[in-house]
Amino acid sequence: MKTVIIVAKDTQNGIGKGNDLPWHLPADMRFFKETTTGHFVLMGRKNYESIPERFRPLPNRLNIILTRDISYVAEDCLVFHSINDVLKWKASQESENRTLFVIGGGEIFNQFLASNLVDEMFITHIETSVEADVFFPEINDAEWHKEIVLTHGIDEKNSYPFTIWKYTKLD
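A. Up close: the side chain of Thr67. The topology assignment puts Thr67 in the loop between β4 (62–66) and β5 (77–80). In this structure Thr67 touches Arg45, Tyr72, Val79, Phe80 and His81, once residues within four positions along its chain are discounted.

B. Representation of the side chain of Asn47. Relative to the helices and strands, Asn47 is located in helix α2 (residues 45–50). The buried category is assigned to Asn47, whose relative accessible area is 17%. Dropping the residues within four chain positions of it, Asn47 is found in contact with Asn19, Ile103, Gly104 and Gly105.

C. Examining the packing of aromatic side chains more closely. In the structure shown here, the tally under the stated rule is 5 aromatic pairs. With a centroid separation of 5.6 Å and an interplanar angle of 65°, the aromatic rings of Phe31 and Phe122 are classed as edge-to-face. Here the residue Phe31 occupies a position in helix α1 (residues 26–36), and Phe122 occupies one in strand β7 (residues 120–126), the gap between them amounting to 91 residues. Side by side, Phe31 and Phe122 carry an identical accessibility label, which is buried. Here Trp144 and Tyr167 contribute two aromatic rings whose centre-to-centre distance is 6.4 Å and whose plane-to-plane angle is 80°, an arrangement assigned as edge-to-face. Linking Trp144 in strand β9 (residues 144–152) with Tyr167 in strand β10 (residues 162–169), this pair joins segments that are 23 residues apart in sequence. Here the two residues Trp144 and Tyr167 agree in accessibility, since each one is buried. Ring-pair connections join several aromatic residues into one group, and the members of that group are Phe40, Phe80 and Trp89. Against the face of Tyr48 rests Arg56, its NZ or CZ located 5.3 Å from the ring centre. Above the plane of the ring of Trp144 lies Lys169, whose end atom (NZ or CZ) is 4.9 Å from the centre.

Calculation criteria
- Residues numbered from 1 in each chain as written.
- Predicted model: local features only at pLDDT ≥ 70, side-chain atom pairs only at ≥ 80, totals over all residues.
- Heavy atoms only, no water.
- Helix = DSSP H or I, 4+ residues; strand = E, 2+ residues; numbered from the N terminus.
- Contact = heavy atoms within 4.5 Å.
- Buried < 20%, exposed > 50% of the residue type's maximum accessible area, 1.4 Å probe, protein only.
- Phe/Tyr/Trp six-rings, centres within 6.5 Å; stacked < 30°, edge-to-face > 60°.
- Lys NZ or Arg CZ within 6 Å of the ring centre and 35° of its normal.

So this is what it looks like as structure tokens:
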């Protein structure tokens, strides 16, 4: 089972502000939904709680929450307390033909990248700089093969132009 990060970031690697997305890009959200539907989505507790209640858990995906809070419960979700617990669960799911999408937040991205657990990434590069308090970690482009998946300009629903890149880990 592949482990794939999916994230949108601005030109300064900003990914969030006040436990929310600092932009509204329906075309990017559509890509996120189409790409992750039918798979597993892993996120931190704060990220999960930032999703509007009416959309929790994210439909048609097994939602997995990683938190240090051992008493944390979320209806219709799996809750783990360490990356090792997630990896043990993942190993038990290897017969599944699905992907584990890591969807944030910043600390979760840092842990997975620092532990070299990521096979691919879909990174939406938004052509703006916003005020952010959570950032995507710096990555070494030389470790990844990059290809453009989608380019989208400004329109009546999307305030900023963006490009979605697929990064595949080089061996």
